[in-house]
Amino acid sequence: MCAVCGCSDGATATITDLRHDGHDHVHADGTRHSHDHDHGHGHDHHHDHDHGHGHGTGTLVALETKVLAKNDALAAQNRAWLAGREILALNLVSSPGAGKTSLLERTIRDLGGALDLLVIEGDQATSNDAQRIRAAGAPVVQVNTGTGCHLEAEMIARGLAVLKPAAGAVVLIENVGNLVCPALFDLGERAKVAILSVTEGEDKPLKYPHMFKAATIMLLNKIDLLPHLDFDVARAIANALQVNPDIIVFRVSARTGEGLDAWYGWLRREALRAPEDAFAAICSGPAGVTKQMEETVS
């Protein structure tokens, strides 16, 4: 078992390019082959970090530190690559069924003409959600994690290499449905966007504090269902603010469109900020990251 999150040994990840009619699978060595049908087996191993069955807390802590340090280094490279191209990347996280895909579909249909939106879709198996994103009109790459319960920076790097977003684009990353492990793994994104459905209960931010503390935005989704539920909106927001006093909350409905203008406004402002953030990163970033960004820009 993985020392960090409990993912099974030998978990595999498959990258599927859904920008074309065929399914192009990309291996770790860069080779590619195509299929015209969906299938569930994985191809290349992404969990190349050490899996250990330590006999003491010290061993587990050392393994966790090593795994996260490696991921953070790769995330810094992703962030430099994205900043060098003035690309806004957001990491959408939630529990299963909170409405991440529906929100993405609506966002793509409403803003596709104003922003260059592309999607990296994370799931353990199937490309069902990616097919929905493609039908909504956005280029999409599917990442199937196998038994893995979260996306990692290395998977995002491979997804970006296939997706090839243009300068100034917006990359929306839909993480695997899980409110625990994705909080630990930096992908190189500008911000995490946590989606909480009113069908889940007001206490989710308190039960999963690491995720809501790591998030910049909380989208309180499915508010069209409030008349049919015993859900206290004020308490849910208060719980989120208790965990993260700086979190920004938007009340939205992907089905009716209610409240989405506030989310779209924030998204547009963040996309406009990407060039100045890239400049700030070059000026103040660590030497290694700065060098990589300069090489990227050149």
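Below is a short write-up of the structure. (Residues numbered from 1 in each chain as written. Predicted model: local features only at pLDDT ≥ 70, side-chain atom pairs only at ≥ 80, totals over all residues. Heavy atoms only, no water.)

### Regarding the layout of surface pockets
Of the volumes computed, that of the second largest pocket is approximately 160 Å³. Lining the second largest pocket are 15 residues; nearest its centre among them are P96, G97, K100, D129 and E174. Secondary structure elements with two or more residues in the lining of the second largest pocket: helix 2 (100-111) and strand 6 (117-123). (1 Å grid on protein atoms, 1.4 Å probe; cavity = no way out; pocket = protein on both sides within 12 Å on 5 of 7 lines; lining within 4 Å. Points joined across faces, edges and corners; volume = space filled by probe spheres on them. Helix = DSSP H or I, 4+ residues; strand = E, 2+ residues; numbered from the N terminus.)

### Observations regarding the pairing of strand 8 (residues 170-174)
Most of strand 8 is tucked away, with five of its five residues classed as buried. On strand 8, burial covers both faces: V170, L172 and E174 on one face and V171 and I173 on the other are all buried. The pairing of strand 5 (residues 88-93) with strand 8 spans five bridges and is classified as parallel. Within strand 8, the position partnered with A89 by the bridge is V171. Where strand 6 lies against strand 8, five bridges are found, and the strand directions are parallel. Its bridge partner being in strand 8, E121 is matched across the sheet by E174. (Buried < 20%, exposed > 50% of the residue type's maximum accessible area, 1.4 Å probe, protein only. Pairing = 2+ DSSP bridges.)

### With respect to the packing of aromatic side chains
Each aromatic ring pair is described using two quantities: the centre-to-centre distance and the angle formed by the ring planes. Tallying each qualifying case throughout the model produces one aromatic pair. Between the aromatic rings of W263 and W266, the centroid separation amounts to 5.9 Å while the plane-to-plane angle is 15°, which identifies the pairing as stacked. Taken together, the residues span about one helical turn, with W263 and W266 both in helix 8 (residues 260-284) at a distance of three residues. Judged on exposure class, the residue W263 and its partner W266 are both buried. (Phe/Tyr/Trp six-rings, centres within 6.5 Å; stacked < 30°, edge-to-face > 60°.)

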